[in-house]
Amino acid sequence: MKVAIIGQGYVGLTISAFAADYFDVTGFDSNQKIVNQLNSGVSHIEGVESSTIKKFIKKGSYKATTNGSAIQECEIVVIAVPTPLTSDRKPDLSFIESACKTIGQNISKPVLIINESTSFPGTLRNVIKPMIEKYSSNSVTHLYAISPERVDPGRGDFNQKNTPRLYAGLTPEASARTRQFYSKFCDELIEVSSPEVAEAAKLFENTFRQVNIALVNEFAQIAYSLGISVYETLDAANTKPYGFMKFTPSAGVGGHCIPVDPTYLAAVAEEHGAPATFIRRANEVNLEMSKYIVRRVAEDNGGNLQGKSILVVGVAYKPNVADVRETAAELVIKHLRDQGAAVSWHDEVVGSWKGQSSAPLQGADITVVVTKHDSVDEKKILASAPYVFDTTGKVKGAKGL
Ligand SMILES: NC(=O)c1ccc[n+]([C@@H]2O[C@H](COP(=O)([O-])OP(=O)(O)OC[C@H]3O[C@@H](n4cnc5c(N)ncnc54)[C@H](O)[C@@H]3O)[C@@H](O)[C@H]2O)c1
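Residues numbered from 1 in each chain as written. Predicted model: local features only at pLDDT ≥ 70, side-chain atom pairs only at ≥ 80, totals over all residues. Heavy atoms only, no water.

(A) Spatial organisation of the site of the ligand. The environment of the ligand is formed by 27 residues, the closest being Val-11, Asp-29, Thr-83, Ser-98 and Thr-118. Thr-118 has a polar backbone atom sitting 2.9 Å from an oxygen atom of the ligand. In isolation the ligand offers 820 Å² of accessible surface; the protein chains occlude 91% of this area. Elements supplying a minimum of two residues to the shell around the ligand: α1 (10-19) and α4 (94-106). By residue number, the principal contributor to the shell around the ligand is α4, which donates 3 residues. Of the residues belonging to the shell around the ligand, the class tally is 13 nonpolar, 10 polar and 4 charged. (Near = heavy atom within 4 Å. Polar contact = N/O pair within 3.5 Å; in protein donor to acceptor, adjacent residues only side chain to side chain. Areas by Shrake-Rupley, 256 points an atom, 1.4 Å probe, with all protein chains shown as cover. Helix = DSSP H or I, 4+ residues; strand = E, 2+ residues; numbered from the N terminus. Nonpolar A, V, L, I, M, F, W, Y, C, P; charged D, E, K, R; others polar.)

(B) Region of the structure containing the nonpolar core. Membership of the largest hydrophobic core comes to 38 residues, with the highest contact counts inside it found for Ile-6, Ile-79, Ile-103, Ile-113, Ile-128 and Ile-132. Apart from residues lying up to four places away in sequence, Ile-103 is in contact with Ile-6, Val-77, Ile-79, Ile-113 and Ile-132. Membership of the second largest hydrophobic core comes to 33 residues, among which are Ala-19, Ala-64, Leu-112 and Phe-185. (Core = buried A, V, L, I, M, F, W, Y, C linked by side-chain atoms within 4.5 Å. Buried < 20%, exposed > 50% of the residue type's maximum accessible area, 1.4 Å probe, protein only. Contact = heavy atoms within 4.5 Å.)

(C) Geometry of the packing of aromatic side chains. The tally for this structure, following the rule as stated, stands at 7 aromatic pairs. The structure contains a cluster of three or more aromatic residues connected by ring pairs, namely Phe-23, Phe-181, Tyr-182 and Phe-185. Above the ring of Tyr-224, the side-chain terminus of Arg-296 is found at 3.3 Å from the ring centroid. (Phe/Tyr/Trp six-rings, centres within 6.5 Å; stacked < 30°, edge-to-face > 60°. Lys NZ or Arg CZ within 6 Å of the ring centre and 35° of its normal.)

(D) Representation of α4 in the model. Look at α4: 18 Å from first C-alpha to last across 13 residues, which is about the 18 Å you get at 1.5 Å a residue. Listed in full, the buried residues belonging to α4 are Ile-96, Ala-99, Cys-100, Thr-102, Ile-103, Gly-104 and Asn-106. On its buried face, α4 sits against β1 (2-6), β2 (24-28), β4 (76-79), β5 (112-115) and α5 (123-135). (Expected span 1.5 Å × (residues − 1).)

(E) Fine view of the packing of helix α7 (residues 195-226) against helix α8 (residues 230-237). One way to put it is that α7 packs onto α8 with a least axis distance of 9 Å and a crossing angle of 120 degrees. On the basis of their axis angle, the class for α7 and α8 is oblique. In this structure, α7 meets α8 at a crossing whose hand is right-handed. Packed against α7, whose contacting residues are Val-216, Phe-219, Ala-220 and Ala-223, the element α8 presents Val-230, Thr-233 and Leu-234 at the interface. When the residues that make up the contact of α7 with α8 are grouped by side-chain class, the tally is 6 nonpolar, 1 polar and no charged. (Axes fitted to C-alpha atoms, helices over the stretch in contact; angles between N-to-C directions. Parallel < 35°, antiparallel > 145°, perpendicular 65-115°, else oblique. Left-handed = near helix turned anticlockwise from the far one by under 90°.)

(F) Structural context of empty space enclosed by the protein. Inspection of every chain in the model, using the stated rule, returns 1 cavity of 30 Å³ or more. What the largest cavity holds in volume is close to 60 Å³. Along its surface, the largest cavity is lined by Pro-148, Glu-149, Arg-150, Val-151, Asn-159, Gln-160, Thr-163, Pro-164 and Arg-165. Here the lining of the largest cavity is built from residues that sort into 3 nonpolar, 3 polar and 3 charged. (1 Å grid on protein atoms, 1.4 Å probe; cavity = no way out; pocket = protein on both sides within 12 Å on 5 of 7 lines; lining within 4 Å. Points joined across faces, edges and corners; volume = space filled by probe spheres on them.)

(G) Structural detail: the sheet that holds β1. Strand order in this open sheet of 8 strands is β3-β2-β1-β4-β5-β6-β7-β8, and the pairing throughout is mixed. Of all the strands in the sheet, the pair left with one neighbour each is β3 (62-65) and β8 (189-191). Strand-to-strand twist across the sheet, computed as the mean angle between neighbouring axes with direction ignored, equals 25 degrees. Bridge count between β4 and β5: 4 bridges; the pairing is parallel. Within the sheet, the bridge partner assigned to Val-78 lies in β5 and is Ile-114. (Pairing = 2+ DSSP bridges.)

(H) Structural context of the environment of Arg-125. Structurally, the position occupied by Arg-125 is in helix α5. Here the alpha-carbon distance between Arg-125 and His-256, two residues 131 residues apart in the chain, equals 23 Å. Beyond its immediate stretch of four places on either side in the chain, Arg-125 contacts Pro-130, Leu-170, Ser-194, Pro-195 and Glu-196. One polar contact links Arg-125 to Glu-196, side chain to side chain, over a distance of 2.8 Å.

In structure tokens, the structure reads:
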């Protein structure tokens, strides 16, 4: 069975690495550099080892390409392209649309098309299917299904195999074929009654996180104003064995999912005349966290950061990954610079970002820890400046939330 996976990023390459054990996988990506790198056996994402890519290339079950015609031979096509926000924070389906164009122009026999990209309910039925049909030159009927991706890059305990997977087809045959495909490399498959339920469940999972993170970020500010430790209070609340789930405060949310997906849900809610006030406010609270942190740092330093040399430690959006998409560090750095500080950053996992390289972990007036990778030594952080503000709760002895 030949499978094409459109998009070879965090999601697409991860699926490729599991599927290539059972299928002939063609990883299609529009980025020539990524394709060249993959074909030389080098993985560009955490969680997929280069040795795995090399193994499948050698076995002949994996190749990457920018050539859409490679899709022609495939029986299954999986979509795993970005679904970001536009500059005015609206759902941006342009990558889905261009993937659909490539698929539509290159399929001639009946195929099963599965969407793994996160989007609002109705995307499979009302966007993907009509778009592929529009670009197909023949009247062949295809099968369509959704199986939203839940991968958490860099995570060790849950992966493609042991994370339960939701799915639904537009027809019973599409559902059955989708189940057959994933059952090769996923232990638990849960069919829901419609693609819209699967699409909405994915958005709600991440909205749940966004809202709870906002709540704990707001609570961190309340705890500080009351003169109590937010961390001790959360640990105390967490002793309740039911009805409570612990979230920890931070400089905000980052990555391709948590800051983005709730906005997809809010957009579709508002389009249907339903309220999304809670979701919108949670997003604002998380975005405002960077300003709060800079205010706290300024207060502790005589109210003025003008001319101070400030080192931001950790610009990845979460520990132990190089992913900087929507990172909270960006806003923290912006607000520090707005205060007149000379800001550099240290993150050897990321290496280079926005045309700048990771600075040494030393010699600053002030250090602000946004993300702490396991490889970064706590003592070195504390020694890097006379004043250290830690937003992660991991650097003992530093000032913090
Ligand atoms: N990263 C995660 O942790 C995660 C988890 C669950 C779901 N998702 C969802 O999965 C989808 C993909 O996210 P990702 O993190 O893998 O993105 P990514 O940016 O890591 O990878 C996407 C890849 O698609 C390629 N691409 C873009 N347009 C293309 C096109 N038209 N044809 C072929 N290739 C194209 C890009 O070059 C890139 O390599 C998104 O909808 C995201 O919300 C992501």
